[in-house]
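# Chain and residue survey
Residues per chain, in single letters:
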Amino acid sequence: MRLLFLLFLGIELMALSVDPLLLKAQASIFPKIMLLDTNISNKTKDKKLILSIVYTDKEYVSAKTFKEMIETEYQDKLGELVLEVHLDNIKMFASTNDAAAYYIFDASSIKMMDVISHAKKKHRICFGYNYKDFDQNTLISLFVKEKTYIYLNKSALHEYGIKFTPIFYRIAKVIE
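Residues numbered from 1 in each chain as written. Predicted model: local features only at pLDDT ≥ 70, side-chain atom pairs only at ≥ 80, totals over all residues. Heavy atoms only, no water.

### A few points about unusual backbone geometry
The residue aspartate 46 is not glycine, and still its phi comes out positive at about 50 degrees. The residue aspartate 46 is located in the loop between helix H2 (20–35) and strand E1 (48–55) in this model. Although it is not a glycine, aspartate 76 sits at a positive phi angle of roughly 65 degrees. Looking at the secondary structure, you find aspartate 76 in the loop between helix H3 (60–74) and strand E2 (77–78). (Helix = DSSP H or I, 4+ residues; strand = E, 2+ residues; numbered from the N terminus.)

Structure (structure tokens):
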């Protein structure tokens with residue numbers, strides 16, 4: 001059954017050229033990175049940590065799959081906090097969205113730039129599916145090859161005004 005699910009998932013994600021292995025790694029690692037923000041307690045409400053997956057219409061299936069992967073991995077708990085994963089269509093995204101972090105698949109669209117600007121203004125992490133989105137100022141991405149690399153966009157770090165625990169700077173690969 002699990003093999004059938006992974007096969008179906010791979011076929012669905014390939015339609016948008018989303019790598020299921022990379023998505024699974026991101027689902028496992030990105031929520032943990034949220035906890036490494038030294039100011040995370042000010043970005044939670046009632047012990048709830050919210051990750052907002054912002055998607056376009058064509059990214060909906062991938063966004064839904066990513067959400068399910070995170071929920072399966074964490075079962076709504078992240079440390080002492082309740083982890084909530086929200087799906088937010090870019091058409092409905094508003095500056096009142098107050099998630100602790102944002103995830104986007106493709107930062108090249110004008111509307112996604114609004115999400116990145118909002119994240120910077122609110123000092124929230126903006127994860128990107130692809131580290132090539134660093135040109136659009138996403139903050140963190142992941143790369144899977146023989147090893148898994150966490151990439152941190154050094155040029156955007158100051159703009160976001162986020163400080164991470166020292167261990168994060170030792171494990172992340174800083175990209176200028």
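Past the structure itself, the notes keep going.
### Quick notes on the confidence of the model for the chain
On average, the chain scores 89 in pLDDT, and the residues at 70 or more come to 91%. Confidence drops under a pLDDT of 50 for residues 2–15, and excluding neighbours within four residues, the segment shows 10 contacts in the predicted structure. (pLDDT = per-residue confidence, 0-100. Contact = heavy atoms within 4.5 Å.)

### Remarks on the pattern of salt bridges
If you walk through the whole model with that rule in mind, you get 9 salt bridges. Across the pair glutamate 71 and lysine 67 runs a salt bridge whose closest N-O atoms are separated by 2.6 Å. Residue glutamate 71 and its partner lysine 67 are both found in helix H3; the two are separated by 4 residues, about one turn of the helix. Using a relative accessible area of 27% as the deciding quantity, one classes glutamate 71 as partly exposed. Under the relative-accessibility criterion, lysine 67 is labelled buried at 19%. Residues joined in a network through salt bridges with shared partners are Lys45, Asp98 and Arg124. (Salt bridge = Lys/Arg side-chain N within 4 Å of Asp/Glu carboxyl O. Buried < 20%, exposed > 50% of the residue type's maximum accessible area, 1.4 Å probe, protein only.)

### Quick notes on the packing of aromatic side chains
Here the structure, examined in full by the defined rule, presents 14 aromatic pairs. Relative to tyrosine 60, the ring of tyrosine 55 lies with its centre 5.4 Å away and its plane at 55 degrees, an arrangement referred to as tilted. On the basis of relative accessibility, which here comes to 9%, the residue tyrosine 55 falls in the buried class. Judged by its relative accessible area of 35%, tyrosine 60 falls in the partly exposed class. Measuring from centroid to centroid gives 6.1 Å for phenylalanine 105 and tyrosine 129, while their planes differ by 35 degrees, and the two rings are tilted. Here phenylalanine 105, found in the loop between strand E4 (101–104) and helix H4 (110–122), pairs with tyrosine 129, found in the loop between strand E5 (125–128) and strand E6 (140–144); they are 24 residues apart in sequence, far enough to count as distant. Classification of phenylalanine 105 as buried rests on a relative accessible area of 7%. Residue classification places tyrosine 129 among the buried positions, given a relative accessible area of 10%. Three or more aromatic residues joined by ring pairs make a cluster, and in this case those are Phe30, Phe66, Tyr103, Phe105, Phe127 and Tyr129. The positively charged end of lysine 173 is found above the aromatic ring belonging to tyrosine 149, 4.6 Å away from the centroid. (Phe/Tyr/Trp six-rings, centres within 6.5 Å; stacked < 30°, edge-to-face > 60°. Lys NZ or Arg CZ within 6 Å of the ring centre and 35° of its normal.)

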